[in-house]
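Descriptive structure summary
Listed below, chain by chain, are the residues.
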Amino acid sequence: MRKPKIGIAANILIMDKGPEVLFGLYRAYVNNDYVESLEKNGCVPVLLPALHNTDDARAQLEGLDGLLLSGGYDIDPMLYGEPPRKEIGFTMNEVDLHYIALIKAADEIGLPIFGICKGMQMLNVAFGGSVYQDIHSQKPDSYQHTQNAPRYSPTHTVKVEEGSFLSGVLGNKVMVNSFHHQAVKDIAEGFRVTAASEDGVVEAIERTDGSFALGVQWHPEMMAKFDNEDMARLFQAFARICEEA
Ligand code: MN
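Everything numeric in this text was worked out from a predicted model, so none of it was measured.

Within the chain, the secondary structure is distributed over eight helices and 13 strands. Relative to the 2.2 N^0.38 estimate, which gives 18 Å for 245 residues, the radius of gyration of the chain is 17 Å and therefore close to what a compact globule would have. For the chain, the C-alpha atoms occupy an extent of roughly 50 × 50 × 35 Å along the three principal directions. Scored against the burial criterion, the 245 residues of the chain give a buried share of 53%. Considering only contacts within the chain whose residues lie at least 6 apart along the sequence, 68% involve residues at least 24 apart. Only carbon and sulfur atoms are counted for the fraction: they give 50% of the accessible area of the chain, which is about 10900 Å². If you average the places of the 21 positive and of the 34 negative side-chain charges in the chain, the two averages end up 3 Å apart.

What follows concerns unusual backbone geometry. In this model, cysteine 117 sits at a positive phi of 55 degrees, which is unusual for a non-glycine residue. Looking at where cysteine 117 falls in the secondary structure, it is placed in the loop between β6 (113-116) and α4 (118-126). By relative accessible area, which is 6% here, cysteine 117 ends up buried. Even without being glycine, aspartate 227 reaches a positive phi, approximately 65 degrees.

Let us look at the pattern of salt bridges. Summed over all chains, the structure comprises twelve salt bridges. Here aspartate 96 ties to lysine 118 by a salt bridge, and the two come within 2.9 Å at their closest N and O atoms. With a gap of 22 residues between them, aspartate 96 in helix α3 (residues 93-109) and lysine 118 in helix α4 connect regions that are remote in the sequence. Exposure remark for aspartate 96: the relative accessible area of 0% places this residue in the buried category.

Under the 1.5 Å per step criterion, the end-to-end length of helix α8 (residues 229-244) is 23 Å for 16 residues, consistent within 8% with the ideal 22 Å. Turning to α8, its buried residues number three or more, namely Met231, Ala232, Leu234, Phe235, Ala237, Phe238, Ala239 and Cys242. Backbone nitrogen of aspartate 230 and a side-chain oxygen of the N-cap are separated by 3.1 Å at the start of α8; the cap is asparagine 228.

For the largest pocket, the calculated volume is near 390 Å³. As for the largest pocket, its lining consists of 22 residues, of which Gly71, Gly72, Tyr73, Cys117 and Phe179 are closest to the centre. For the lining of the largest pocket, a count of residues per class yields eight nonpolar, twelve polar and two charged.

Another aspect to go through is the side chain of glutamate 206. For glutamate 206, the position within the fold is in strand β12 (residues 202-207). Although glutamate 206 lies buried, it forms no salt bridge, and the closest oppositely charged side chain, arginine 192, sits 4.8 Å away as judged by the N-O distance. Of note is the side chain of glutamate 206, whose polar atom sits 3.0 Å from the backbone nitrogen of phenylalanine 165. For glutamate 206, the side chain forms a polar contact with the side chain of threonine 194, separated by 3.1 Å.

Formed by 35 residues in total, the largest nonpolar core has its most connected members in Leu61, Leu67, Leu69, Ile103, Ile113 and Leu123. Among the secondary structure elements, those contributing two or more residues to this core are α2 (57-61), β5 (66-69), α3, α4 and β12. At eight residues, the largest contribution of residues to this core is made by α3.

Read across the sheet, nine strands follow the order β4-β1-β5-β6-β13-β12-β11-β8-β9 without closing on themselves; strand pairing throughout is mixed. The strands lining the two open edges of the sheet, one partner per strand, are β4 (44-48) and β9 (173-176). Taking the axes of each pair of neighbouring strands and ignoring which way they run, one obtains an average angle of 25 degrees across the sheet. The pairing of strand β1 (residues 5-9) with β4 spans five bridges and is parallel. Its bridge partner being in β4, glycine 7 is matched across the sheet by valine 46. The strands touched by α8 within the sheet are β1, β5, β6, β9 and β13 (213-216), with β6 carrying the most contacts at an inclination of about 150 degrees.

Rules and cut-offs
- Residues numbered from 1 in each chain as written.
- Predicted model: local features only at pLDDT ≥ 70, side-chain atom pairs only at ≥ 80, totals over all residues.
- Heavy atoms only, no water.
- Helix = DSSP H or I, 4+ residues; strand = E, 2+ residues; numbered from the N terminus.
- Rg over C-alpha atoms; globule rule 2.2 N^0.38 Å.
- Buried < 20%, exposed > 50% of the residue type's maximum accessible area, 1.4 Å probe, protein only.
- Contact = heavy atoms within 4.5 Å.
- Areas by Shrake-Rupley, 256 points an atom, 1.4 Å probe, with all protein chains shown as cover.
- Lys, Arg positive; Asp, Glu negative; His and termini not counted.
- Charge placed at Lys NZ, Arg CZ, Asp CG, Glu CD.
- Salt bridge = Lys/Arg side-chain N within 4 Å of Asp/Glu carboxyl O.
- Expected span 1.5 Å × (residues − 1).
- Polar contact = N/O pair within 3.5 Å; in protein donor to acceptor, adjacent residues only side chain to side chain.
- 1 Å grid on protein atoms, 1.4 Å probe; cavity = no way out; pocket = protein on both sides within 12 Å on 5 of 7 lines; lining within 4 Å.
- Points joined across faces, edges and corners; volume = space filled by probe spheres on them.
- Nonpolar A, V, L, I, M, F, W, Y, C, P; charged D, E, K, R; others polar.
- Core = buried A, V, L, I, M, F, W, Y, C linked by side-chain atoms within 4.5 Å.
- Pairing = 2+ DSSP bridges.
- Axes fitted to C-alpha atoms, helices over the stretch in contact; angles between N-to-C directions.

Written out as structure tokens, the structure is:
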């Protein structure tokens, strides 16, 4: 059987290290953990660079079986109607607009979507939801979500909603890593929260109507790359969904 071909929404990396001649260059990129985790778990990954002409997002998805939204910079708060709080980090509006164009195009053609970290938050924003611009100042009782441990190490648990797609793959409780200072605030219509950490931070969302869409706040690709069995199973489950769609 043909392996599912998965498009990964790429970021723009602004060069600020290395030889001076490269400073300020924009590079289309994704962390290779996404590529390796998809490849290890039965998929053929393809990179989708941010385009100026977002009308071409539909053409970018032609011939693909699924869309993976990778993590990245903070989300431009104008996209959910808020002024920037002073704690917000670096944002890049053109990358966000490309994500939204890809999400809308994937939705039109019924392509399964898997959003990771900022990818999950963009999924929520694209369908009308919002995010906390900075968890620590807006939810002061939350625990540390930007871990100092290695990227493959789980540092907090999440409780998974019974009956959800995620619980079918991971069970009712799972250990995850954490590299985010933003989080889903108001959930978009047509989605539900299917996992949260014990401090009440949303850690996964799933679409309840329309085509398949799953978002997780942690970085399963950083764990699956190092053969974490739970997260390998998550990529395999997404691969199966893409095969069947
Ligand atoms: Mn977290």
